Amino acid sequence: MTSVPPRLTVRPLSGPDELDLFCGLSYVLDHELADDLATGRRVPEWMWVALDGERIVARAAWWTDAAGNKPLALDFFDLDDTLPVPERVAIGVRLLETAAAAVLPAGAERPEYGRFVPPDWHDDPVARDVVEARIQVMEETGARMLVERLRLEWRAGTPVPEDSGRLVFRPVAGREDLLALMAPVMEGTLDAHGQADLASGLDVRKAAEKQYDEELAGVLHPDGLVADRRTAHR
C-alpha cells in the first residue's frame, strides 16, 4: 500500500482568509466559493485541505442550501494530478476520511459526491486519469457510482428549430400544476434518484412530491415557465 507523504497535514481552513490556499487546486465551481462563504452555504470548518509542507495536494468541501443547515453535498474533491495515482489515492483517502469524521455526524449517511467532468472523459486519457483517481478514492471510502449524466446547455444566439406546434409555453400556476406534470413522468423514469424513491415504496405521486419539495421548491422563479405537449404521448 502506498503511504502518504511524511509531512502531510490534513486540516480545515482557519477562515475565509485562507480561500486563496484552497484555490491552489482548481475546479469549475471555484467562482462560487466566496459568495457561498458570505451567505453561509459553506463554512470554513467544512472546507479541508491536505498539505505536503506548504503545497496543497488535495482538498474537499461540503455545501448546503441555506445558512445553518447540515451539509447536503460533497461538491469539491480535488487531487494534485501531477502525483502518481497510488500517492494521489492514498492522500485522497486520508483527507476524505479525516474530514468526514470531523464534519459529519457519526454513523450518518454521507452526502452524495457530484462532479462536472468532460463528456468525452472515457476517451481522453488525461481526463480519464483525473476522473478514475477520484472514483477510486470514493470507492475505497465506501461509496459506489450512482449515475452519470450528460449536462446540456443552450446559449443565447444558438439557432433553434422552428416551432412545430407540439409545445405550448405558459406561466407556472403553482405546486399542483407542476406535480400534475411530474407524476406521470415518474412512472418508468430512468432517473437514478427517482428510481430509488419508487423502490423505497413511494408511489409516483409521492415520489414527485418528494422531488419537488427537495429540488424545486426553493429554486423556482415566480415567472418560471413550463412547456406542455399539445398532444399527450405515453
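Preceding this paragraph is the structure being described.
The following refers to the structure shown.

Calculation notes
- Residue numbers restart at each chain and count upward from 1, following the sequence in its written direction.
- Reporting in this predicted model follows two pLDDT cut-offs: at least 70 for local features of residues, and 80 or more for side-chain atom pairs to be given and counted; totals over whole chains, interfaces and linings ignore these cut-offs and use all residues.
- With hydrogens and water set aside, each side-chain value is computed from the structure's full complement of heavy atoms.
- Put simply, buried Ala, Val, Leu, Ile, Met, Phe, Trp, Tyr and Cys residues joined by side-chain atoms within 4.5 Å make one nonpolar core.
- Under the scheme applied here, a residue whose accessible area is under 20% of the maximum for its type counts as buried, over 50% as exposed, and between as partly exposed, the area being computed with a 1.4 Å probe on protein chains only.
- Under the DSSP-based scheme used, a helix requires at least four consecutive residues in state H or I and a strand at least two consecutive residues in state E, with every element numbered from the N terminus.
- By definition in these notes, contact holds between two residues if any of their heavy atoms fall within 4.5 Å.
- Criterion used throughout: strands pair if DSSP finds at least two bridges between them.
- Interaxial angles span 0 to 180 degrees and are taken between N-to-C directions of axes, which are lines fitted to C-alpha atoms, for helices over the stretch in contact.
- Helices are assigned an expected span. That span is 1.5 Å times one less than the residue count.
- To obtain the arc, one takes the directions from the helix axis to the C-beta atoms.
- The term polar contact refers here to a pair of N or O atoms within 3.5 Å; inside protein, the definition further demands a hydrogen-donor-capable atom paired with an acceptor-capable atom, and it admits residues adjacent in sequence only when both atoms are side-chain atoms.
- Note on angle classes: values under 35 degrees are labelled roughly parallel, values over 145 roughly antiparallel, values of 65 to 115 roughly perpendicular, and the remainder oblique.
- By the definition used in this description, the sense in which the near helix is turned from the far one sets the handedness, with an anticlockwise turn below a right angle giving left-handed and a clockwise turn giving right-handed.
- In this classification, Asp, Glu, Lys and Arg are treated as charged, Ala, Val, Leu, Ile, Met, Phe, Trp, Tyr, Cys and Pro as nonpolar, and every other residue, Gly included, as polar.

Structural notes on the nonpolar core
Counting residues in hydrophobic clusters, the biggest one holds 26 residues, and the most contacted among them are Ala50, Trp62, Phe77, Ile91, Leu95, Leu96 and Val137. Secondary-structure elements contributing two or more residues to this core are strand S2 (47–52), strand S3 (55–63), strand S4 (73–79), helix H3 (85–103) and helix H4 (125–140). The element that contributes the greatest number of residues to this core is H3, accounting for nine residues. Among residues more than four places away in sequence, those in contact with Leu96 are Ala60, Leu74, Phe77, Val137, Met138 and Thr141. Grouped together as the second largest cluster of nonpolar side chains are 14 residues, Leu13, Met47, Val49 and Ile56 included.

Topic: the sheet that holds strand S1 (residues 8–12)
Taken in spatial order, the five strands of this open sheet run S1-S2-S3-S4-S5, and their pairing is mixed. For this open sheet the edge positions go to S1 and strand S5 (112–113), each flanked by a neighbour on one side alone. Two elements, S3 and S4, share six bridges in a ladder whose sense is antiparallel. In the strand pairing of S4, Trp63 is matched with Ala73. Packing against the sheet, H3 makes contact with S1, S2, S3 and S4, and its axis sits at approximately 40° to S3. Each of S4 and S5 touches H4; the most contacted strand, S4, lies at about 120° to it.

So, H4
An ideal rise of 1.5 Å per residue puts 22 Å on 16 residues; H4 measures up with 22 Å between its terminal C-alpha atoms. Three or more residues of H4 are buried, namely Ala127, Val130, Val131, Ala133, Arg134, Val137 and Met138. Seen along its axis, H4 keeps its buried residues to an arc of 150°; they face one direction. Where H4 is buried, its residues meet S4, H3 and S5. Backbone nitrogen of Val126 and a side-chain oxygen of the N-cap are separated by 3.0 Å at the start of H4; the cap is Asp124. Looking one or two residues beyond H4, the residue adopting positive phi is Gly142, at roughly 100°.

Re the pairing of S2
By the criterion of burial, S2 is predominantly enclosed, with six of the six residues buried. Neither face of S2 is left uncovered, since the one carrying Met47, Val49 and Leu51 and the one carrying Trp48, Ala50 and Asp52 both have all their residues buried. Here five bridges tie S1 to S2, and the two strands are oriented antiparallel to one another. Paired with Arg11 across the strands is Val49, a residue of S2. Where S2 and S3 come together, six bridges link them in antiparallel fashion. By the bridge assignment, Trp48 is partnered in S3 with Ala60. Counting the residues that bridge the hairpin from S2 to S3 gives two residues, and of these Gly53 lies at a positive phi of roughly 70°.

Describing the side chain of Asp52
Of note, Asp52 is situated in strand S2. Non-local contacts of Asp52, meaning those with residues more than four positions away in its chain, are made with Pro5, Arg7, Leu8 and Val57.

Observations concerning the packing of helix H5 (residues 175–186) against helix H7 (residues 204–216)
Running from N to C, H5 and H7 point in directions that differ by 125°, and their axes come no closer than 8 Å. Here H5 lies oblique to H7, going by the angle between them. For the crossing formed where H5 meets H7, the hand is right-handed. On H7, the residues touching Arg175, Glu176, Leu178, Leu179, Met182, Ala183 and Met186 of H5 are Val204, Arg205, Ala207, Ala208, Glu209, Gln211, Tyr212, Asp213 and Leu216. Split by residue class, the contact of H5 with H7 holds ten nonpolar, one polar and five charged.

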